[in-house]
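The lines below spell out each chain.
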Amino acid sequence: MDLHSSLSLAMLISLCALLVLVIEPHPAWGSSRASFGLTATAPPPSGICAAAVIPRGYKCQEFEVTTDDGYILSLQRIPEGREGGALSKQPVLLQHGVLVDGMTWLMNSPTESLALILADSGFDVWIANTRGTRFSRRHVTLDPTNPDFWNWTWDDLVSHDLPAAIDFAFKQTGQKIDYVGHSLGTLIALASFSEGKQIDKVKSAALLSPIAYLSHMTTALGFVAAEAFVGEITTLLGVAEFNPKGEPVANFLKTLCADPGIDCYDLLSALTGKNCCLNASTVDLFLKNEPQSTSTKNMVHLAQTVRDGVLAKYDYGNTNYNLEHYGEAKPPVYNLSNIPHDFPLFLSYGGKDSLSDVRDVENLLDHLKLHDGDKLSVQYIKDYAHADFIMGVSAKDIVYNQIVSFFKRHQ
Ligand SMILES: *[C@@H]1O[C@H](CO)[C@@H](O)[C@H](O)[C@H]1NC(C)=O
Ligand SMILES: *[C@@H]1O[C@H](CO)[C@@H](O)[C@H](O)[C@H]1NC(C)=O
Ligand SMILES: *[C@@H]1O[C@H](CO)[C@@H](O)[C@H](O)[C@H]1NC(C)=O
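Note that the structure is predicted; figures quoted are calculated from it, not measured.

1. Topic: the overall build of the chain
Helices and strands together make up the secondary structure of the chain, namely 15 helices and eleven strands. Buried positions account for 50% of the 411 residues belonging to the chain.

2. Section: the pairing of strand β2 (residues 71-78)
Most of β2 is tucked away: seven of the eight residues are buried. Sheet topology note: the strand β1 (residues 61-66)/β2 ladder contains six bridges and is antiparallel. Opposite Val65, over in β2, you have Leu73 as the bridge partner. Where β1 hands over to β2, the hairpin turn is made up of four residues, of which Gly70 adopts a positive phi near 95°. Here β2 runs beside strand β5 (residues 138-139); their pairing, made up of two bridges, is antiparallel. Paired with Ile72 across the bridge in β5 is Arg138.

3. Re the UniProt feature "active site" (unreviewed entry) in the chain
In the numbering adopted here, UniProt assigns the feature "active site" (unreviewed entry) to Ser183, Asp353 and His386. Spatially, the listed residues are clustered: although they cover 204 residues, their C-alpha atoms lie within 10.8 Å of one another. One can find Ser183 in the loop between β6 (177-182) and α6 (184-194). Taking the number of C-beta atoms within 10 Å as the measure of exposure, Ser183 has 25 and is therefore buried. Not counting residues within four places of it along the chain, the set of residues in contact with Ser183 comprises Gly97, Val98, Ser209, Ile211, Leu355 and His386. Mapping Asp353 onto the fold places it in the loop between β10 (345-350) and α13 (358-367).

4. Looking at the environment of Phe407
Here Phe407 is to be found in helix α15 (residues 395-409). With 24 C-beta atoms counted inside 10 Å, the residue Phe407 sits in the buried group. Discounting residues that sit within four places of it in the chain, Phe407 has contacts with Gln90, Val92, Asp178 and Ser204.

5. Looking at the site of ligand 3
Taken together, Val333, Asn335, Ser337 and Asn338 make up the full set of residues near ligand 3. Among the residues forming the shell around ligand 3, the class breakdown is one nonpolar, three polar and no charged.

6. Let's talk about the packing of helix α5 (residues 154-173) against α6
Remark: α5 packs on α6, axes separated minimally by 9 Å, with the N-to-C direction vectors making an angle of 75°. When the interaxial angle is binned, α5 and α6 end up roughly perpendicular. Where α5 abuts α6, its residues Trp154, Leu157, Val158 and Leu162 lie against Leu184, Leu187, Ile188, Ala189, Ala191 and Ser192. Partitioned by chemical class, the residues of the contact of α5 with α6 number nine nonpolar, one polar and no charged.

7. Notes on the nonpolar core
Side chains of nonpolar character tend, in soluble globular proteins, to be buried together. By size, the foremost hydrophobic cluster in this structure holds 94 residues, and its most contacted members are Val92, Leu93, Leu94, Ala115, Val125 and Ala165. A total of ten residues in this core trace back to one element, the largest contributor, which is α5.

8. Thoughts on the environment of His341
Structurally, His341 is set in the loop between α12 (319-326) and β10. Judged by local crowding, His341 falls into the partly exposed class, with 15 C-beta atoms found within 10 Å. Along the sequence, His341 and Leu376 sit 35 residues apart, while their C-alpha atoms lie 8.8 Å from each other. When neighbours within four sequence positions are excluded, His341 is seen to be in contact with Leu370, His371 and Asp372.

9. Remarks on unusual backbone geometry
Positive phi values are uncommon outside glycine, yet Leu99 reaches one of about 70°. Here Leu99 is to be found in the loop between β3 (90-95) and α4 (114-120). With a phi close to 55°, Ser183 is a non-glycine residue in the positive phi region.

10. Details of α5
Helix length check: α5, at 20 residues, gives a terminal C-alpha distance of 27 Å against a target of 28 Å (1.5 Å per residue), a fit within 8%. Along its length, α5 reaches its greatest deviation from straightness, about 30°, at Asp161, and the proline Pro163 lies no more than four positions downstream. Counting buried residues in α5 gives 14 out of 20 residues, a clear majority hidden from the surface. Positive phi shows up at Gly174, right after α5, with a value of about 65°.

11. A look at the confidence of the model for the chain
Close inspection of predicted coordinates is inappropriate for parts of the model with low pLDDT. Mean pLDDT over the chain stands at 82; residues scoring 70 or higher make up 78%. The low-confidence segment residues 1-44, where pLDDT is below 50, has 87 contacts with residues more than four positions distant or belonging to other chains. Across residues 220-235, confidence stays below pLDDT 50; counting only partners more than four residues off in sequence or on other chains, it has 24 contacts.

12. What about α12?
One full turn of an α-helix is made of 3.6 residues, so residues set three or four places apart face in the same direction. The element α12 is barely covered by neighbouring structure, given that only zero of its eight residues are classed as buried. Downstream of α12 by a residue or two, Gly327 has a phi angle that is positive, lying close to 70°.

13. Quick look at the environment of His96
Looking at the element boundaries, His96 is found in the loop between β3 and α4. A count of 25 C-beta atoms within 10 Å places His96 in the buried class. If we skip the residues at most four places from it in the chain, His96 touches Asp101, Gly102, Thr104, Trp105, Thr130, His182 and Gly185.

Rules behind the numbers
- Residues numbered from 1 in each chain as written.
- Chains lettered and ligands numbered in written order.
- Predicted model: local features only at pLDDT ≥ 70, side-chain atom pairs only at ≥ 80, totals over all residues.
- Helix = DSSP H or I, 4+ residues; strand = E, 2+ residues; numbered from the N terminus.
- Buried ≥ 20, exposed ≤ 12 C-beta atoms within 10 Å, placed from the backbone.
- Pairing = 2+ DSSP bridges.
- UniProt positions renumbered as here; feature names shortened; annotations may be inferred.
- Contact = placed C-beta atoms within 7 Å.
- Near = placed C-beta within 6 Å.
- Nonpolar A, V, L, I, M, F, W, Y, C, P; charged D, E, K, R; others polar.
- Axes fitted to C-alpha atoms, helices over the stretch in contact; angles between N-to-C directions.
- Parallel < 35°, antiparallel > 145°, perpendicular 65-115°, else oblique.
- Core = buried A, V, L, I, M, F, W, Y, C linked by C-beta atoms within 7 Å.
- Expected span 1.5 Å × (residues − 1).
- Bend = angle between axes of the 7 residues up to and from the residue.
- pLDDT = per-residue confidence, 0-100.

So this is what it looks like as structure tokens:
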């Protein structure tokens, strides 16, 4: 791993800690970690339905889905809104981003949270939880303490997790589904569609803070590059599970934030962008639930995406290994121009989002330039940053109403 990709990884790591620092500044590290009610290793006995959906007056069902490589994922279904309604509803699957889980869609009040707004707008809502997050930490043979459990990257989410969740909702409902992704949840869908996969089971897709090309993510963070934490990061890479609440990551961040040149308050703005519209009590709830684990290999793959400027499969960093895995010296590229041009897509991106940088979204849009005009809707929100799309108090008025009308338009 070279300096650039190590630094990219540092940025990604920092991101998960920054949210912590919004509420609890530097001296409170110990107490802030202790206040994480739910740890990745000791999941609460009840799932997302019992924690965040049923208490708010909605029906909710928990499902387990096993991927074709053996991961047992939890999936929630909110079959109808508080008012009930028609029997046959349009299914929609919500796919969260990296370092969070399905709870991310349920942080605000019912009239502000996308999952519940969709249920109340007549959709049959399905919530996915990626492998490694607290409700999806099982496998038919592997235990999470086994490093082999963590031998995957987002390529595997494209080829295993996403198909498992989509197939399941498709079979249960007997209908093509709508899709909503945020952040990494947009990347895995775009990659999948570009290979012609899932398109037969998905009716249309809404992509929030779309991530595909990541080359410009670095520029907002140029100053982080001045810090030489490569040693610590390399040590982290030895860990198969990337647990943002674990000691190695926490120690790394403590060092980072203790540096007189780094103000973690400013880092937040530099990393996610300056979120305009978050509610402090929502952020508090978010921190009680997130961040969640992912695999170190996944973080490395994301760092490669930042470094290389192309959207490609995981690079084994060695011609022979790449040949062995792909039959090619370089990892195959996901060509987003191959997404069928008549597939309905809605993209919403923010002017203040440093993870989904405007220039990178423009690069993505350039790859979609041959898309049928009436099948591509693009929304640009000047004041929004990364977290506003899932937790912003104004997101219903600005974004979610647009999603509902986009889905209804492409029924
Ligand atoms: C991880 O999985 C790949 C196949 O995807 C395999 O080639 C490799 O040997 C595995 N690595 C370890 C450390 O098990
Ligand atoms: C912020 O969240 C709290 C708790 O859910 C709620 O009472 C309050 O109305 C929210 N504020 C806004 C502006 O949405
Ligand atoms: C991607 O696909 C488009 C259209 O299908 C093609 O014109 C272009 O050459 C491809 N790009 C690469 C890098 O293969």
